[in-house]
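A closer look at the structure
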Amino acid sequence: MDEDTSDVLTPAPVRALTTDDTIEILGFASACLKAGSDVVLATLVEIRGGAARALGSHMVVAADGRFCGYVSGGCVEAAVACEALLALVKGCDRIVTFGDGSPFFDIVLPCGGGITIALHLLKDGGPIEEVLRRIDERRPAGLRYCRERQSLQFMEPPERAGWQGGDFLTNYRPRTRVVISGHTVEASAVACLAAASQFDVLVYENGEFGRDIVRQIDTYTAILFLHHDLDREESLLRRVLGSPAFYVGALGSTRTHRKRVERLKELGYSNDDIARIKAPIGIFGPTRDAYSLALSVMADVVACRLAIYG
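So, here is what we can say about the structure in this document. As the structure is a prediction and not an experimental result, all values here were calculated from the model. (Residues numbered from 1 in each chain as written. Predicted model: local features only at pLDDT ≥ 70, side-chain atom pairs only at ≥ 80, totals over all residues. Heavy atoms only, no water.)

1. Quick notes on helix α2 (residues 77-90)
Here α2 is 14 residues long and its end C-alpha atoms lie 20 Å apart, about the 20 Å a rise of 1.5 Å per residue gives. Those residues of α2 that sit buried are E77, A79, V80, A81, E83, A84, L85, L86 and A87. Where α2 is buried, its residues meet β1 (14-17), β2 (39-48), β3 (58-62), β4 (66-69), β5 (94-99) and β6 (114-121). G91, located one to two residues past α2, shows a positive phi value of around 75°. (Helix = DSSP H or I, 4+ residues; strand = E, 2+ residues; numbered from the N terminus. Expected span 1.5 Å × (residues − 1). Buried < 20%, exposed > 50% of the residue type's maximum accessible area, 1.4 Å probe, protein only. Contact = heavy atoms within 4.5 Å.)

Below, the structure is given as structure tokens:
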């Protein structure tokens, strides 16, 4: 058990940003450090039973009580911030538990499970800056937290977040990029929903500023063809079938897709290449309006992303 800190005065925690976006959370930590504030990085390192967040989820707590991020559904974040402020007072890292198996009997997780949070005093912003730089370059990154040495180091991204020996590893991936080909009401609706979901959205129209959209496609990209004319999609579709995109989807009925497949086969594309195309696009259908289609398409993109990257 930690020593008694009941008589220690600390600032009242106050949420500075309402976000669970990891890059925004790490950016908040970086900004606080550059402003001269002491900072605690809180990381979800164990889940017992159910939980609202994934392993490796973060909160950041500044010395003045400001915090951002989530390690649960919102039910323990203020308490985590209080514990982080006590860690700053004591000047050392701490491990705290909530829910099942926790000494905080008055803090109950609605899911009925339990979580363990590692509180690390950030002494060096270098590893976080490197993660932010890599993500800005659309490259994955990782961090290694050593509880024994109370240190944080940059590392190449692990396959998944979790303990490795006495170290806890976290991984970070670029935002999902959504490339939309089409100048239709459906394309506008999908672009609007994707932007609201904080995805990186690029809309392509043939000849638009001479931009080569293929160069923007990486393994974290979903490509959506939202045309009502096969001729309008064909040029770009042929170019992206060999790309590393994790999702390629195209608008149109089953009959339209049969015509699309016939054209591609005539052009020499293999069955494996053609099988990459999700058509008719979306996770449910048929839809009869643009925003229902947008919901169907984005749900399918997110489900595919989760299946691949977790």
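From this point, the discussion proceeds with the structure in view.
2. Topic: the nonpolar core
If you look at the biggest cluster of nonpolar residues, it comprises 25 residues, and the most contacted ones within it are L26, V60, L122, I128, V131 and L152. Contributions of two or more residues to this core are made by α1 (22-34), β2, β3, α3 (126-136), β7 (141-146) and β10 (167-172). It is α1 that provides the largest number of residues to this core, a total of six residues. Residues in contact with L26, not counting those within four places in the same chain, are L41, H58, I128, V131, L132 and Y172. A189, L224, I281 and V301 belong to the second largest nonpolar core, which has 21 residues in total. (Core = buried A, V, L, I, M, F, W, Y, C linked by side-chain atoms within 4.5 Å.)

3. Here's the deal with the packing of aromatic side chains
On inspection of all chains with the given rule, the structure shows three aromatic pairs. Aromatic pair W163 and F168: ring centres 5.3 Å apart, planes at 75°, arrangement edge-to-face. A cation sits over an aromatic face here: R15 above Y70, 4.1 Å from the ring centre. (Phe/Tyr/Trp six-rings, centres within 6.5 Å; stacked < 30°, edge-to-face > 60°. Lys NZ or Arg CZ within 6 Å of the ring centre and 35° of its normal.)

4. Let's talk about α3
Listed as buried for α3 are P127, I128, V131, L132, R134 and I135. For α3, the angular spread of the buried residues around the axis is 165°, confining them to a single face. Taken together, the buried residues of α3 touch α1, β7, β8 (151-155) and β10. One or two residues past the end of α3 sits R138, with phi positive at roughly 60°. (Arc of directions from axis to C-beta.)

5. Quick word on unusual backbone geometry
A cis amide bond links A279 with the next residue in sequence, P280, at an omega value of -5°. Position of P280 among the secondary structure elements: in the loop between β15 (277-278) and α8 (290-309). The residue R138 is not glycine, and still its phi comes out positive at about 60°. With respect to the helices and strands, the residue R138 is situated in the loop between α3 and β7.

6. Regarding the sheet that holds strand β12 (residues 200-204)
With parallel pairing, the five strands of this open sheet are ordered in space as β12-β11-β13-β14-β15. A strand with exactly one partner marks an edge of an open sheet, and here the two such strands are β12 and β15. Two strands pair when backbone bridges link them, and strand β14 (residues 247-250) and β15 are joined in this way by two bridges, in the parallel orientation. Across the sheet, residue G249 finds its bridge partner in β15, namely K278. (Pairing = 2+ DSSP bridges.)

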